[in-house]
Amino acid sequence: MNPTVVDSVISSNVYLPTVIVYTVSLFFIPYSHFSFNKQKKKKYGILETVGLDKKSIGVMLVQDNVTLAASSILVGFVAGTLFAIIFILGINKIIRIDGLGWDFSIMAYARLLLFLVIVYGVTISVEYIIIRKSSIRTLLNDDRKIRRGHKPYLIAEIAGVFLLLLASVYLICIMDQEHNNYLIAAFVTMIIGAYIIIDNSMVYTEILKKKDPSRYYKNMLVYTGVEYRFQDGKKVIFFTICLLALAIYFQAFSLTTEEISYEMVETYHPHQIEYCELDGINNISDEDFQDIVDSNNIRIKYKKSIPYFISNGMTMISESDASDQTNSIYDIEQGECVILLQYDEKDGYQHDKEVNIRTLHFDNGLLSEKIVDVRDDIITGTFDSLPEHIVVLCDDDFTKLYRNEATDFLGMIHFVDCESDNESVVLGNALRKAFAVSNSSYDDTAYYKVSIQNEAYEEDRQSSFFLIFVLAIIGCICTLTSVVITRFKLMLEEDYDRKKYKSLLTIGFSKAEVRQIISKEMSVYMTIPVVLSTVISGIMSYALMSLSDKGLQSLGYVLLFGGLIYILQKVLCRLYTDTIVSDIY
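Residues numbered from 1 in each chain as written. Predicted model: local features only at pLDDT ≥ 70, side-chain atom pairs only at ≥ 80, totals over all residues. Heavy atoms only, no water.

Caption draft 1: Expanded view of the sheet that holds strand 7 (residues 370–375). Here we have eight strands laid out as an open sheet, ordered 7-4-8-3-2-9-1-10, and mixed in their pairing. With partners counted over all chains shown, the strands left at the sheet margins are strand 7 and strand 10 (451–452), one partner each. (Pairing = 2+ DSSP bridges. Helix = DSSP H or I, 4+ residues; strand = E, 2+ residues; numbered from the N terminus.)

Caption draft 2: Highlighting a negative patch on the surface. Together, Asp286, Glu287, Asp288, Asp291 and Asp294 line one region of the surface with negative charge. Note that Glu287 resides in helix 12 (residues 286–295). (Patch = residues over 30% accessible without salt bridge, like charges linked within 9 Å, V, L, I, M, F, W, Y side chains within 5 Å. Areas by Shrake-Rupley, 256 points an atom, 1.4 Å probe, with all protein chains shown as cover. Salt bridge = Lys/Arg side-chain N within 4 Å of Asp/Glu carboxyl O. Lys, Arg positive; Asp, Glu negative; His and termini not counted. Charge placed at Lys NZ, Arg CZ, Asp CG, Glu CD.)

Caption draft 3: Seen up close, the nonpolar core. Core analysis: the largest hydrophobic core is formed by 59 residues, its most contacted members being Leu171, Met190, Tyr501, Met522 and Ile536. With 12 residues, the top contributor of residues to this core is helix 18 (residues 511–546). Beyond its immediate chain neighbours, meaning those up to four positions away, Tyr501 contacts Arg229, Val514, Ile517, Ile518, Glu521, Ile580 and Ile584. The next biggest cluster of nonpolar side chains, apart from the first, holds 21 residues, and it includes Ile281, Tyr308, Ile317 and Val392. (Core = buried A, V, L, I, M, F, W, Y, C linked by side-chain atoms within 4.5 Å. Buried < 20%, exposed > 50% of the residue type's maximum accessible area, 1.4 Å probe, protein only. Contact = heavy atoms within 4.5 Å.)

Caption draft 4: The packing of aromatic side chains, seen in detail. In this structure the tally under the stated criterion is 14 aromatic pairs. Aromatic side chains Phe309 and Phe398 sit 5.4 Å apart centroid to centroid with 40° between the ring planes, which places their arrangement in the tilted category. Here the residue Phe309 occupies a position in strand 2 (residues 300–311), and Phe398 occupies one in helix 14 (residues 395–402), the gap between them amounting to 89 residues. Exposure remark for Phe309: the relative accessible area of 1% places this residue in the buried category. For Phe398, a relative accessible area of 6% corresponds to the buried category. Members of the aromatic cluster, each reached through a chain of ring pairs, are Tyr216, Tyr217 and Tyr223. Here Arg229 stacks its cationic end above the ring of Tyr525, 5.9 Å away from the centre of that ring. Taking NZ or CZ as reference, Lys303 lies 4.8 Å from the ring centre of Phe289, over its face. (Phe/Tyr/Trp six-rings, centres within 6.5 Å; stacked < 30°, edge-to-face > 60°. Lys NZ or Arg CZ within 6 Å of the ring centre and 35° of its normal.)

Caption draft 5: Spotlight on the pattern of salt bridges. The tally for this structure, following the rule as stated, stands at 15 salt bridges. Asp324 is the partner of Lys304 in a salt bridge, and the nearest nitrogen-oxygen pair spans 3.6 Å. Remark: Asp324 occurs in helix 13 (residues 319–326) and Lys304 occurs in strand 2; sequence separation between them is 20 residues. A single salt-bridge network, built from bridges that share partners, covers Arg229, Asp497, Lys500 and Glu521.

Caption draft 6: Local environment of the state of the cysteines. This structure, assessed with the given rule, holds zero disulfides. Of the cysteine sulfurs around Cys476, a residue in no disulfide, the closest is that of Cys478, at 9.5 Å. Of the residues examined, Cys476 reaches a relative accessible area of 53% and is grouped as exposed. (Disulfide = S-S within 2.5 Å.)

Caption draft 7: Spatial organisation of the confidence of the model for the chain. With 85% of its residues at a pLDDT of at least 70, the chain reaches an overall mean of 82. Low pLDDT (under 50) marks residues 1–7, which in the prediction has 13 contacts with non-local residues, meaning those over four places away or in another chain. In the model, residues 144–148 has pLDDT below 50 throughout and makes 15 contacts with residues more than four positions away in sequence or in other chains. (pLDDT = per-residue confidence, 0-100.)

Caption draft 8: Quick look at the pairing of strand 8 (residues 389–393). For strand 8, a buried count of five out of five residues is recorded, marking the element as mostly surrounded by other parts of the structure. Neither face of strand 8 is exposed, since His389, Val391 and Leu393 on one face and Ile390 and Val392 on the opposite face are all buried. Inspection of the sheet shows strand 3 (residues 314–318) paired to strand 8 by four bridges, in the parallel sense. Each residue of the ladder has a partner; that of Thr315, found in strand 8, is Ile390. Of the pairings in the sheet, the one linking strand 4 (residues 336–341) to strand 8 comprises five bridges and is antiparallel in character. Opposite Val338, over in strand 8, you have Val392 as the bridge partner.

Caption draft 9: Here's a closer look at helix 17 (residues 453–506). With 54 residues, helix 17 extends 75 Å between its outermost C-alpha atoms, agreeing within 8% with the 80 Å of an ideal straight helix rising 1.5 Å per residue. A maximum bend of about 50° is found in helix 17 at Glu493. At the C-terminal side of helix 17, Gly508 shows a positive phi close to 110°. (Expected span 1.5 Å × (residues − 1). Bend = angle between axes of the 7 residues up to and from the residue.)

Caption draft 10: Layout of helix 18. Compared with the 52 Å implied by 1.5 Å per residue over 36 residues, the 51 Å span of helix 18 between its first and last C-alpha is a close match. Its maximal kink placed at Thr527, helix 18 deviates by approximately 30°, while the proline Pro529 follows within four residues.

Caption draft 11: Representation of the environment of Ile237. Examined against the element boundaries, Ile237 turns out to sit in helix 11 (residues 234–268). Taking the relative accessible area as the measure of exposure, Ile237 reaches 2% and is therefore buried. The spatial distance from the C-alpha of Ile237 to the C-alpha of Val530 is 9.8 Å, given a sequence separation of 293 residues. Each residue touching Ile237, except ones within four places of it in the same chain, is listed here: Ile198, Arg229, Phe230, Tyr525 and Pro529.

Caption draft 12: Quick look at the side chain of Ser168. Relative to the helices and strands, Ser168 is located in helix 6 (residues 154–174). The residues touching Ser168, leaving out its near neighbours within four places in the chain, are Cys173, Met190 and Ile539.

Caption draft 13: Just the packing of helix 11 against helix 17, in detail. Interhelical geometry of helix 11 versus helix 17 gives an angle of 170° and a closest axis separation of 9 Å. When the axes of helix 11 and helix 17 are compared, the pair comes out roughly antiparallel. (Axes fitted to C-alpha atoms, helices over the stretch in contact; angles between N-to-C directions. Parallel < 35°, antiparallel > 145°, perpendicular 65-115°, else oblique.)

See the structure below:
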């Protein structure tokens, strides 16, 4: 997006969802084509038995898949273009950015088309090779036979749970702003653990079979049905867990981040207008300032200026001024200093906490300042021109050093509050215009830009709403993709399920009993991925947001969205059960 229209903080929120959509496509496109060809294998086998050669069958497969791919791309481009227009209109309405419009980019379509052609090309090529190497017997075999897979191992299941717990302990107990280098590794460890748990989940039925055989044999049809579905579709289940975990995490992340960012604005913008004056930059006389105020009918409620100086790369202010701004008592003696960190230590970002006071020159002698305390009392966190650490000296030391020849720069930090937000915006913009004229260069005006609190709140609102809007769409896409994948998998199994459950009727099972078996089997199959994805996203959200004291709020959002998806899966389970029951009667 154009940075002159949309702030880069806002537009950067598009990048991660874009990567996720591309990643999902890398799985979903091959999966859909492999499933499509899987249904047609028996047809190709019959054609080969009546004399059609492998090459002709391969050409037929390529034609079918190219037609499917071309149709998908065409429909996707049309639907995507319409959705993009709706998206632009939506964010225009939500975040109200003047000048944001629609731009048709041929290169964007060309890059996307190239990506899709490569993915579809590789997928169809792999399918062509497979069909050329498959025997008639392989093509005619019913791939919907029960495939038990490997024997589940208790030690492997324990290992999967251990990996999940190990990553959780790191995230919750060890990780902080200074030790977050292994965040991605922890997430990957959790995903691997979840896959191992799914891969060996039937170990619980083996344990139940030994410990409580009566209960096992009473529900044997349910357990064997679940075992087949987990073994045959473990890759689908694993991918579903990843998608749902992302969907839940993104919703919790966006809503919790909105709360955090609003609090950060309050912390870093304590006054409606703030600006730095340094060695002639942003300099305005009291008379000129008053002229601006009077000409714009602005009512000043509060006005304060704090002198500071920079020496040896360190920014110094006096104890009395620091106390007035922070409402804190420092009790600093001569030769001592207090360091004020100009950031919230719980803002979730990594900061350099190492503070070393260099020796200050004074009257051709040496004055060493001893650090007696380090606090996170924020004077202002809005200026690029001020460092993350401000040194507070006792008033006597500050007065002696302020005009010392070794002082590098002298400056003032100005704070202004007006009777209304609108007045502060008018005054802030008027000061910017005045400084643009009086300052020697545009770079000085930009670097020492006047900070307007109301602008910060508006930018935060736009950024937060944009993030929520985009991640809500991505969450819906991830959830819908998981539902489609699961439904597609069940569709491939429908004929087999009808035959299996209809055979139960022929041996004496009642309609209610068959319905109960189907319902239990599908309930386990469709809700276990939701539970695991909720656990993974809950741990990630709680750990990350705890860095900003928002862990419980984030966990609450995870449980809320996890619960909604759980209800959705139960509804889909009921619909599938009704479909199968109605078909077999």
